[in-house]
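Residues per chain, in single letters:
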Amino acid sequence: IYWDTAVARHEHYVGADVATVMSSTKPAGGGGTAPSCVVPFCRNRRIEPSVAIWLSDGYVGGDWAEDLGIPAFWVISAGGQVPGHLPHVQLPARR
(Lines give C-alpha, C1' and ligand atoms only; values in the text may rest on other atoms or scores of the structure.)
Protein backbone atom coordinates (compact mmCIF):
# COMPACT_ATOMS: atom_id res chain seq x y z
CA ILE A 1 0.00 0.00 0.00
CA TYR A 2 1.50 3.33 -1.07
CA TRP A 3 0.30 6.28 0.97
CA ASP A 4 1.04 9.86 1.90
CA THR A 5 -1.96 11.64 3.44
CA ALA A 6 -4.24 9.22 1.57
CA VAL A 7 -3.76 5.78 0.06
CA ALA A 8 -2.44 6.36 -3.45
CA ARG A 9 -2.05 2.77 -4.67
CA HIS A 10 -2.50 -0.80 -3.51
CA GLU A 11 -0.63 -3.76 -4.99
CA HIS A 12 -1.12 -7.42 -4.17
CA TYR A 13 1.45 -10.12 -4.83
CA VAL A 14 1.05 -13.87 -4.53
CA GLY A 15 3.19 -16.88 -5.34
CA ALA A 16 5.31 -16.41 -8.44
CA ASP A 17 4.49 -12.66 -8.52
CA VAL A 18 7.13 -12.16 -5.84
CA ALA A 19 9.88 -12.95 -8.37
CA THR A 20 8.98 -9.87 -10.43
CA VAL A 21 8.03 -7.45 -7.64
CA MET A 22 10.96 -5.11 -8.35
CA SER A 23 10.01 -4.62 -12.00
CA SER A 24 6.23 -4.65 -11.61
CA THR A 25 5.73 -2.36 -8.61
CA LYS A 26 4.52 1.16 -9.30
CA PRO A 27 5.07 3.41 -6.25
CA ALA A 28 2.62 6.30 -5.94
CA GLY A 29 1.90 9.24 -3.68
CA GLY A 30 4.51 11.56 -2.30
CA GLY A 31 2.96 14.48 -0.46
CA GLY A 32 2.68 14.51 3.32
CA THR A 33 2.73 11.63 5.75
CA ALA A 34 -0.34 10.29 7.57
CA PRO A 35 -0.06 6.53 8.02
CA SER A 36 -3.42 6.33 9.79
CA CYS A 37 -5.03 6.75 6.34
CA VAL A 38 -4.19 3.07 5.80
CA VAL A 39 -6.49 1.96 8.64
CA PRO A 40 -9.87 2.82 7.01
CA PHE A 41 -8.53 1.72 3.63
CA CYS A 42 -7.85 -1.77 5.00
CA ARG A 43 -11.09 -1.94 6.97
CA ASN A 44 -13.27 -0.76 4.05
CA ARG A 45 -11.74 -3.37 1.73
CA ARG A 46 -11.64 -6.12 4.35
CA ILE A 47 -7.87 -6.37 4.05
CA GLU A 48 -6.71 -8.18 7.17
CA PRO A 49 -2.91 -8.20 7.30
CA SER A 50 -1.24 -10.16 10.06
CA VAL A 51 1.63 -7.66 10.36
CA ALA A 52 2.51 -4.22 8.99
CA ILE A 53 5.99 -3.21 7.89
CA TRP A 54 6.03 0.54 7.47
CA LEU A 55 8.68 2.29 5.35
CA SER A 56 8.88 5.99 6.15
CA ASP A 57 11.08 9.00 6.73
CA GLY A 58 9.52 9.10 10.20
CA TYR A 59 8.05 12.56 9.89
CA VAL A 60 4.52 11.49 10.75
CA GLY A 61 3.64 14.15 13.32
CA GLY A 62 3.04 11.50 15.99
CA ASP A 63 0.67 9.51 13.73
CA TRP A 64 2.11 6.00 14.00
CA ALA A 65 -1.17 4.30 12.88
CA GLU A 66 -1.32 2.28 16.09
CA ASP A 67 -5.06 1.74 15.68
CA LEU A 68 -4.46 -0.71 12.82
CA GLY A 69 -4.57 -3.33 15.59
CA ILE A 70 -1.81 -5.61 14.35
CA PRO A 71 1.89 -5.98 15.11
CA ALA A 72 3.90 -3.31 13.32
CA PHE A 73 7.55 -2.72 12.56
CA TRP A 74 8.86 0.62 11.30
CA VAL A 75 11.81 1.10 8.95
CA ILE A 76 12.87 4.74 9.16
CA SER A 77 15.28 6.49 6.81
CA ALA A 78 18.48 8.04 8.14
CA GLY A 79 17.84 11.23 10.06
CA GLY A 80 14.10 10.67 10.39
CA GLN A 81 12.11 10.63 13.60
CA VAL A 82 11.76 7.20 15.19
CA PRO A 83 8.84 5.78 17.18
CA GLY A 84 10.68 5.16 20.44
CA HIS A 85 7.70 3.24 21.82
CA LEU A 86 7.31 0.90 18.80
CA PRO A 87 9.57 -1.72 17.22
CA HIS A 88 11.72 -0.01 14.60
CA VAL A 89 15.06 0.21 12.86
CA GLN A 90 16.66 3.36 11.52
CA LEU A 91 18.70 3.00 8.36
CA PRO A 92 22.26 4.35 8.45
CA ALA A 93 23.18 7.46 6.53
CA ARG A 94 24.78 6.97 3.14
CA ARG A 95 28.53 7.45 3.04
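Look above for the structure.
Quantities reported herein were computed from a predicted structural model and do not represent experimental measurements. (Residues numbered from 1 in each chain as written. Predicted model: local features only at pLDDT ≥ 70, side-chain atom pairs only at ≥ 80, totals over all residues. Heavy atoms only, no water.)

Caption draft 1: Here's a closer look at the pairing of strand 4 (residues 72-76). For strand 3 (residues 52-56) and strand 4, the ladder comprises 5 bridges, and the chain directions are parallel. Bridge assignment links Ile 53 to a residue of strand 4, and that residue is Phe 73. As defined by bridge partners, strand 4 adjoins strand 5 (residues 88-90) across 3 bridges and the pair is classed as parallel. Residue pairing across strands places Ile 76 opposite Gln 90, the latter belonging to strand 5. (Pairing = 2+ DSSP bridges. Helix = DSSP H or I, 4+ residues; strand = E, 2+ residues; numbered from the N terminus.)

Caption draft 2: Here's a closer look at unusual backbone geometry. The phi angle at Arg 46 is positive, at roughly 55 degrees, despite the residue not being glycine. Looking at the secondary structure, you find Arg 46 in the loop between helix 2 (38-44) and strand 3. A positive phi angle, near 50 degrees, is found at Ala 65, a position not held by glycine. Within the secondary structure layout, Ala 65 lies in the loop between strand 3 and strand 4.

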